[in-house]
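One-letter residues, chain by chain:
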Amino acid sequence: MDPSTIIGLFLAFGSVVAMVTLEDANLMALLLPAPMVLVFGATLAVGLAGNTFRDTVRAFKDLPKAFKGKTDKPQDSIDQLIGFAEKARSEGLLSLEEAAVDEKDPFLARALQNIADGTDAEELRILMEDEIDSKMRSDHVSAKFFASLGGYAPTIGIIGTVVSLTHVLENLSSPDHLGPMIASAFVATLWGLLSANFIWLPFASRLKRLSELEIERMTLLMEGILAVQNGTQPLLLAERLRAMVPADRLGKAKSAKKSDDDEARPGKFASSKAA
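Residues numbered from 1 in each chain as written. Predicted model: local features only at pLDDT ≥ 70, side-chain atom pairs only at ≥ 80, totals over all residues. Heavy atoms only, no water.

Turning our attention to a nonpolar patch on the surface. On the surface, a nonpolar cluster with roughly 320 Å² of combined accessible area is contributed by Val-17, Leu-27, Met-28 and Leu-31. Mapped onto the secondary structure, Val-17 falls in helix 1 (residues 4–22). (Patch = residues over 30% accessible without salt bridge, like charges linked within 9 Å, V, L, I, M, F, W, Y side chains within 5 Å. Areas by Shrake-Rupley, 256 points an atom, 1.4 Å probe, with all protein chains shown as cover. Salt bridge = Lys/Arg side-chain N within 4 Å of Asp/Glu carboxyl O. Helix = DSSP H or I, 4+ residues; strand = E, 2+ residues; numbered from the N terminus.)

Quick look at the structure:
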């Protein structure tokens, strides 16, 4: 679990609370039910109106990912693919069927099963690319939905302020109450801006970034699986896959297995040097 979303939201709202406290203002003056109901309720309503019902349901189903979405390490996938390459070279491609049964990742399990079934390499690439593309388009729907809420919220906040100011103008005969009424009118604008920039847009950016990382992982797996099917040597495969990942996201690679010849060479060299 990556806690960046929780930490970020806590610090953002904490900054607002700190500012209100330092200004010796009343925090409860910002927690007015009427403008909050308008901003959050109307924002969700127009978000629903601008998307399909299925898109809305899908977006809120994906929302927990923003808090507990995993960011897998590329090196773990590379080490896993190297293990498949070593298994395929030593036991044959049919041995990957057993690995497919034990694999928990459906995308990788299907790819391994297709290799074991003898699927053509070009056909397998098309299948995997289509699945990656479907995943990308599906994730885009959720991120776009929350981004649209971030666009609607500030305008709805202004609408709430206009409605409240209209009520203020109706009560010009009571000047003692104008100050608090005007202040409460701008709370709607405040919550429109807060909800957009502290909630909806961060959710959209978070889901988009998690999707990008997942697509990168699936692409890495696709290239690795196709290389395994092609019989690429494990050490060469490791170098190729590591070259596909930014250096700052790479972890420490596992020690490569040495062949009997490699283990024998240092001893022979040392013996000849001693002689």
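This paragraph deals with the nonpolar core. Formed by 30 residues in total, the largest nonpolar core has its most connected members in Phe-84, Leu-96, Leu-112, Met-128, Ile-225 and Val-228. Within the residue set of this core, elements represented by two or more residues are helix 5 (74–91), helix 6 (96–102), helix 7 (106–116), helix 8 (121–169), helix 9 (178–229) and helix 10 (234–243). Those residues in contact with Met-128 that sit more than four places away from it in its chain are Phe-107, Ala-111, Leu-221, Met-222 and Ile-225. (Core = buried A, V, L, I, M, F, W, Y, C linked by side-chain atoms within 4.5 Å. Buried < 20%, exposed > 50% of the residue type's maximum accessible area, 1.4 Å probe, protein only. Contact = heavy atoms within 4.5 Å.)

All right, on to the pattern of salt bridges then. Following the criterion strictly, the structure yields 12 salt bridges and no others. A salt bridge links Arg-217 to Asp-105, with the nearest nitrogen and oxygen atoms 2.9 Å apart. Taken together, the residues Arg-217 in helix 9 and Asp-105 in the loop between helix 6 and helix 7 connect sequence positions 112 residues apart. Here Arg-217 falls in the buried class, since its relative accessible area comes to 16%. Take Asp-105: its relative accessible area is 16%, and that puts it in the buried class. Across the salt bridge formed by Glu-223 and Arg-125, the nearest N and O atoms sit 3.2 Å from each other. Of this pair, Glu-223 sits in helix 9 while Arg-125 sits in helix 8, placing them 98 residues apart in sequence. We classify Glu-223 as buried; its relative accessible area is 14%. The exposure class of Arg-125 is partly exposed, given its relative accessible area of 23%. Connected through salt bridges with shared partners, the residues Arg-125, Glu-129, Glu-223 and Arg-240 form a single ionic network.

What follows covers the environment of Glu-129. By secondary structure assignment, the location of Glu-129 is in helix 8. Sequence separation of Glu-129 and Thr-219 is 90 residues, and the distance between their C-alpha atoms is 8.1 Å.

What follows deals with the packing of aromatic side chains. Applying the stated criterion to the full structure yields 10 aromatic pairs. On the basis of an interplanar angle of 10° and a centroid distance of 6.2 Å, the ring pair of Phe-146 and Trp-200 is categorised as stacked. Of this pair, Phe-146 sits in helix 8 while Trp-200 sits in helix 9, and the two are 54 residues apart along the sequence. On the basis of relative accessible area, Trp-200 is assigned to the buried category, the value being 6%. Plain terms: the ring middles of Trp-200 and Phe-203 are 6.5 Å apart, the flat faces sit at 75° to each other, and that makes the pair edge-to-face. Here the residue Trp-200 and the residue Phe-203 both occupy positions in helix 9, the gap between them amounting to 3 residues, near one helical turn. These aromatic residues form a ring-pair network of at least three members: Phe-40, Phe-60, Phe-67, Phe-145, Phe-146, Trp-191, Trp-200 and Phe-203. (Phe/Tyr/Trp six-rings, centres within 6.5 Å; stacked < 30°, edge-to-face > 60°.)

Let us now look at a negative patch on the surface. Residues Asp-120, Glu-122, Glu-123 and Asp-130 make up a contiguous surface patch of negative charge. Note on placement: Asp-130 falls in helix 8. (Lys, Arg positive; Asp, Glu negative; His and termini not counted. Charge placed at Lys NZ, Arg CZ, Asp CG, Glu CD.)

Our next topic: the UniProt feature "transmembrane region" (unreviewed entry) in the chain. Residues given the UniProt feature "transmembrane region" (unreviewed entry) here are residues 28–49, 145–169 and 181–201. For residues 28–49, the helix share is 77%, the strand share is 0%, and the end-to-end C-alpha distance is 32 Å. Along residues 181–201 one finds 100% helix and 0% strand; the C-alpha atoms at either end are 30 Å apart. (UniProt positions renumbered as here; feature names shortened; annotations may be inferred.)

At a minimum axis distance of 9 Å, the contact between helix 5 and helix 10 shows a crossing angle of 155°. It follows from the interaxial angle that helix 5 and helix 10 lie roughly antiparallel. With respect to the hand of their crossing, helix 5 and helix 10 are arranged in right-handed fashion. Residues Gln-75, Ile-78, Leu-81, Ile-82, Ala-85, Glu-86 and Arg-89 of helix 5 form the contact with helix 10, whose own contacting residues are Pro-234, Leu-237, Ala-238, Leu-241 and Arg-242. Its residues assigned to classes, the contact of helix 5 with helix 10 shows 8 nonpolar, 1 polar and 3 charged. (Axes fitted to C-alpha atoms, helices over the stretch in contact; angles between N-to-C directions. Parallel < 35°, antiparallel > 145°, perpendicular 65-115°, else oblique. Left-handed = near helix turned anticlockwise from the far one by under 90°. Nonpolar A, V, L, I, M, F, W, Y, C, P; charged D, E, K, R; others polar.)

Among the residues of helix 3 (residues 53–62), those classed as buried are Thr-56, Ala-59 and Asp-62. Here the buried residues of helix 3 occupy an arc of 130° about the axis, which is enough to place them on one side. Every exposed residue of helix 3 that faces more than 90 degrees away from the buried side is listed here: Phe-53, Arg-54 and Lys-61. (Arc of directions from axis to C-beta.)

Where helix 7 meets helix 8, the closest approach of the two axes is 11 Å, and the angle between their N-to-C directions is 170°. Judged on the interaxial angle alone, helix 8 and helix 7 are roughly antiparallel. Residue-level inspection shows Phe-107, Arg-110, Ala-111, Asn-114 and Ile-115 of helix 7 in contact with helix 8, the latter providing Leu-124, Leu-127, Met-128, Glu-131 and Ile-132. Residues of the contact of helix 7 with helix 8, tallied by class, amount to 7 nonpolar, 1 polar and 2 charged.

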